Amino acid sequence: MCEKTSSSRPRAVISRSALAAASTAAVDAGGRVADLRRDAWGHGVLAIAHAVTAAGAAAVLVDHSEEVEALRLEGIEALTEGVADIDASLLYGLPDADGTLRTTPVMRLAGRVLSTKPLKAGDAVSYGYTHRATQDTTAALITGGYAQGIVRALGNAATVEIAAASRPIVGRVAMDVCVIDLQDSDDVELGADATYFGGRGPAGPGLARWSTVTGLTIAELIAVAGSHADRGWEA
């Protein structure tokens, strides 16, 4: 398969309804200060600050004095020192180590299908040919690679959600793209969403698998991926 790149980065899609519900659940569980460092763990400081303070948080913890001033102009109390005591996993809808979600993920990281190609049994994909098809199948090239926080270790070890089903990442993760085995689905449209983690489908708890595979924390993974994606919104 030709690894054609695209200038399009993955999208960090923030759900308005999930954010409102998760903010309420996190504040109701206790605590007064929310952790919004690292651009609210890749979610965007301003939107998360508004949501969590509207739910009743007293203040937010941020990285820089410039953020403190910007939020002050929005009527939001922000700090650069102190302890955040609102449960961040509830606030952002992150899975436990075993993949359990207590609130719906606020962020959905999504690439898109650039192209598809039939593979014959024995055909190899991506750099180094670390994967060969075991049977005839169809592969898809999707946006998102290690330059955007899709860690290389995830190749041959994690899945994405396409057309409401989990499909394996096969071969090495490239700089800007991944190859996905579509398995029994050969009618995926070009431009279709490919969800790496988050959302309400099977990719929802995907960060738990990412953490197991990479040895990185869920906080590290989502902050990096979110900050290297184009941010958007959905209901």
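Predicted model only: the values in this text are computed from it and were never measured.

The rules behind the values
- Starting from 1, residues in each chain are numbered consecutively following that chain's sequence as written.
- Owing to the predicted nature of the model, reporting of local features is limited to residues with pLDDT of at least 70; listing and counting of side-chain atom pairs is limited to 80 or more, with chain, interface and lining totals taken over all residues.
- Calculated side-chain values reflect all of the structure's heavy atoms, with hydrogen atoms and water omitted.
- Strands here are runs of E lasting at least two residues and helices are runs of H or I lasting at least four, both read from the DSSP assignment and numbered beginning at the N terminus.
- Burial status follows relative accessibility: with a 1.4 Å probe on protein chains alone, a residue under 20% of its type maximum counts as buried, one over 50% as exposed, and anything between as partly exposed.
- By the criterion applied in these results, polar contacts are pairs of N or O atoms within 3.5 Å in which, for protein atoms, one can donate a hydrogen and the other can accept it, and in which residues neighboring in sequence qualify only through two side-chain atoms.
- The contact criterion used is simple: two residues touch if any of their non-hydrogen atoms lie within 4.5 Å.
- Centres within 6.5 Å make a pair out of two Phe, Tyr or Trp rings, where for Trp the six-membered ring is used; the pair is then stacked when the planes are under 30 degrees apart, edge-to-face when over 60, and tilted otherwise.
- For this document, the term salt bridge refers to a Lys or Arg side-chain nitrogen within 4 Å of an Asp or Glu carboxyl oxygen.
- Between any two strands, at least two bridges found by DSSP are needed for them to pair.

## Quick notes on unusual backbone geometry
Positive phi outside glycine occurs at A40, with the angle close to 55°. Here A40 shows up in helix 2 (residues 37-42). Phi is positive for N156, which is not a glycine, with a value near 65°. On the secondary structure map, N156 appears in the loop between strand 8 (137-143) and strand 9 (159-162).

## Some points on the side chain of S23
Its location among the elements puts S23 in helix 1 (residues 16-28). On the basis of relative accessibility, which here comes to 0%, the residue S23 falls in the buried class. A distance of 2.8 Å separates the side chain of S23 from the backbone oxygen of L19, its partner in a polar contact. Setting aside residues up to four positions removed in sequence, S23 forms contacts with A51, V52, A55 and L91.

## A word on the packing of aromatic side chains
Counted according to the given criterion, the structure contains three aromatic pairs. For the ring pair F197 and W210, a centre distance of 5.2 Å and an interplane angle of 90° mean the geometry is edge-to-face. Of this pair, F197 sits in strand 12 (residues 193-197) while W210 sits in helix 6 (residues 206-214); the two residues are 13 residues apart in sequence, bridging distant segments of the chain. In this structure F197 comes out as buried when scored by relative accessible area, which is 1%. Assessed through its relative accessible area of 1%, W210 is described here as buried. Joined through ring pairs, the aromatic side chains of Y196, F197 and W210 make up one cluster.

## Brief notes about the pattern of salt bridges
Going through the model one piece at a time under the given rule, you end up with ten salt bridges. As a salt-bridge pair, E234 and R108 come within 3.0 Å of each other at their nearest N and O atoms. Residue E234 is located in strand 13 (residues 230-234), and its partner R108 is located in strand 5 (residues 107-119); the two are separated by 126 residues in the primary sequence. For R108, a relative accessible area of 12% corresponds to the buried category. Put simply, R11, R108, D193 and E234 are held in one network by salt bridges that share partners.

## Some details on the environment of A18
Take A18: it is sitting in helix 1. Residues A18 and G93, spaced 75 residues apart in sequence, show a C-alpha to C-alpha distance of 8.0 Å. Contact partners of A18, with chain neighbours within four places excluded, come to T104, P105, V106 and R200.

## Overview of helix 6
Listed in full, the buried residues belonging to helix 6 are G206, L207, A208 and W210. Those residues of helix 6 that are buried lie in contact with strand 5, strand 12 and helix 7 (218-227). In the segment just after helix 6, G215 is the residue with positive phi, at about 80°.

## Brief notes about the pairing of strand 1 (residues 11-15)
The element strand 1 is extensively covered by neighbouring structure, given that four of its five residues are classed as buried. Alignment of strand 1 against strand 5, held across four bridges, turns out to be antiparallel. Note on strand 5: the bridge partner recorded for V13 is R108. Bridge analysis of strand 1 against strand 13 gives five bridges, and the strand direction is parallel. When the sheet's bridge partners are listed, V13 is paired in strand 13 with G232.

No statement about biological role is implied by the geometric values presented.
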